Amino acid sequence: MKANEIMEKAENYVLHTYNRYPVVLDHGKGVRLYDVEGKEYLDFAAGIAVFALGYGNETYDQTLKDQIDRLIHTSNLYYNEPMADAAEKLVKASGMDKVFFTNSGTEAIEGALKAARKYAYLRDGHSDHEIIAMNHSFHGRSMGALSVTGNTHYQDPFRPLIGGIRFADFNDLESVKAQITEKTCAIILETVQGEGGIYPADPEFLKGVRALCDEKDILLILDEIQCGMGRTGSMFAWQQYGVKPDIMTCAKALGCGIPVGAFVLNQKTAEHSLVPGDHGTTYGGNPLACAAVSAVFDIFEKEKIVDHVQQVSAYLEKQLDELVEKYEFLTVRRGKGLMQGLVVSGRPVGEIVQQALKNGLLVITAGSDVLRMVPPLVITEADVDEMIEKLEKSF
Ligand SMILES: Cc1ncc(COP(=O)(O)O)c(C=O)c1O
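Residues numbered from 1 in each chain as written. Predicted model: local features only at pLDDT ≥ 70, side-chain atom pairs only at ≥ 80, totals over all residues. Heavy atoms only, no water.

### Looking at the domain arrangement of the chain
Argument step 1. Structurally, the chain comprises domain 1 (3-57 + 304-394) and domain 2 (71-302).
Argument step 2. Each of domain 1 and domain 2 has a C-alpha centre, and the two are 26 Å apart.
Argument step 3. On the domain 2 side, the residues contacting the 28 residues of domain 1 number 29 residues.
Argument step 4. Between domain 1 and domain 2 the total buried area reaches about 2,300 Å² when both faces are included, carbon and sulfur atoms providing 64% of it. (Domains from an automatic or database assignment. Contact = heavy atoms within 4.5 Å. Buried area = accessible area lost by both parts, 1.4 Å probe.)

And the structure:
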């Protein structure tokens, strides 16, 4: 089928909730994607921070093929080995204690919010607790996650959302303090805000929020769905801050392409929150998804992916800083590791993305004016050079 026929068919049958770029992707190899006409794209989007290992990693692919032949799905009514393995690896990598597997990021957020409300319910003997979330945050599209997403554009058509959510300003501790009441049970934030425009948390802010939570027995939920799994140069971004969440959410690169998410709890929260009957999912923790998670952790360790991110991201930052020096319309570079944003002023950032696409480069936007790069974690310095060349051509 030709590209235009596929696009037409998709538009005929798929609900129009995305304005898609006119490209039909067909296959990938390493950090490159190919469309149905054979055109090559250097991928600095990675399916929005998903495909950390690049396309066609043999160990990953073979693990999935073997698992398909063995067992794809069984119910959470029974045990399966990949789930136990994946949970152990996630616990060890995070230094946290218990895992609940979901199918997506937004479901990981739902579970985290429920765990926090149940914790406070058991502590206080009543419900009606509040959660503080951040302006310009993004946590997903299901009703709970949308309710803590600080963006009225996404929220307004769907009100009423879940109650008891208060918003504070990211990186402004006083604004968080101002939202605390005797009903507050949790504070949720992204360690590095992604969709909102690539804003890393200030160390003093995150430490301050942690201290507030400790003082008032409030749970700290850190959303690592986009910034976690090695992307910022540590397995989880919070590990660079000397703070630890009570609940962490993961997805995206956790399965590197297989849809899987998780919320991970510390012992205190695990012991005093969800029990049988409180939460569940048909697919969450299924053997195929968990075989993927397990393989991802093995490959991270064997291929020293986090060390690699630290090295290559230093190079990427330097090259991006040079662009900011060179072009007046690029005002700031923001980010951590391989989660980078260039703030574009006086030009529609979407046009740069379109032009890059024509030049064989996939980059995406964040917020209204940020050019976002979240490439596979296995990119090399040569890939960075090629990206810069293609980007400059697109300017
Ligand atoms: C920080 C963050 N949280 C949650 C989500 C929602 O994840 P999903 O799209 O898998 O539901 C996203 C998705 O972009 C995200 O970036």
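### Details of the sheet that holds strand β17 (residues 370-373)
Argument step 1. Sheet architecture is open: four strands sit in the order β13-β14-β17-β16, paired in antiparallel fashion. At either end of the open sheet lies a strand with only one pairing partner, and these are β13 (330-336) and β16 (364-366). Put simply, the sheet's adjacent strands are angled 30° from each other on average, direction ignored.
Argument step 2. Strand direction decides the pairing type here: strand β14 (residues 339-344) and β17, joined by four bridges, are antiparallel. Opposite G341, over in β17, you have R372 as the bridge partner. (Pairing = 2+ DSSP bridges. Helix = DSSP H or I, 4+ residues; strand = E, 2+ residues; numbered from the N terminus. Axes fitted to C-alpha atoms, helices over the stretch in contact; angles between N-to-C directions.)

### Focus: the packing of helix α3 (residues 58-70) against helix α11 (residues 287-302)
Argument step 1. Relative to each other, α3 and α11 sit at 155°, their axes nearing to 9 Å. It follows from the interaxial angle that α3 and α11 lie roughly antiparallel. Relative to α11, α3 is oriented so that their crossing is right-handed. Contacts between α3 and α11 pair T59, Y60, T63, L64, Q67 and I68 from the former with P287, L288, A291, A292, A295, V296 and I299 from the latter.
Argument step 2. In the contact of α3 with α11, the residues fall into ten nonpolar, three polar and no charged. (Parallel < 35°, antiparallel > 145°, perpendicular 65-115°, else oblique. Left-handed = near helix turned anticlockwise from the far one by under 90°. Nonpolar A, V, L, I, M, F, W, Y, C, P; charged D, E, K, R; others polar.)

### Let's talk about the packing of helix α12 (residues 305-326) against helix α14 (residues 381-394)
Argument step 1. Orientation of α12 relative to α14, taken along the N-to-C sense of each, is 20°, at an axis distance of 9 Å. In terms of axis orientation, α12 runs roughly parallel to α14. The two elements α12 and α14 cross, and the hand of that crossing is right-handed. Listed contacts from α14 to V312, Y315, L316, Q319, L320, L323 and K326 of α12 are E381, V384, D385, M387, I388, L391 and E392.

### Describing the site of the ligand
Argument step 1. By nearness alone, every residue bordering the ligand is listed as S104, G105, T106, F138, H139, G140, E190, E195, D223, I225, Q226 and K252.
Argument step 2. Within the contact set of the ligand, an oxygen atom lies 2.8 Å away from a backbone nitrogen or oxygen of G105.
Argument step 3. Within the contact set of the ligand, an oxygen atom lies 2.8 Å away from a side-chain nitrogen or oxygen of Q226.
Argument step 4. With the chains in place, 82% of the 390 Å² that the ligand exposes on its own is no longer accessible.
Argument step 5. The residue makeup of the shell around the ligand, split by class, is two nonpolar, six polar and four charged. (Near = heavy atom within 4 Å. Polar contact = N/O pair within 3.5 Å; in protein donor to acceptor, adjacent residues only side chain to side chain. Areas by Shrake-Rupley, 256 points an atom, 1.4 Å probe, with all protein chains shown as cover.)

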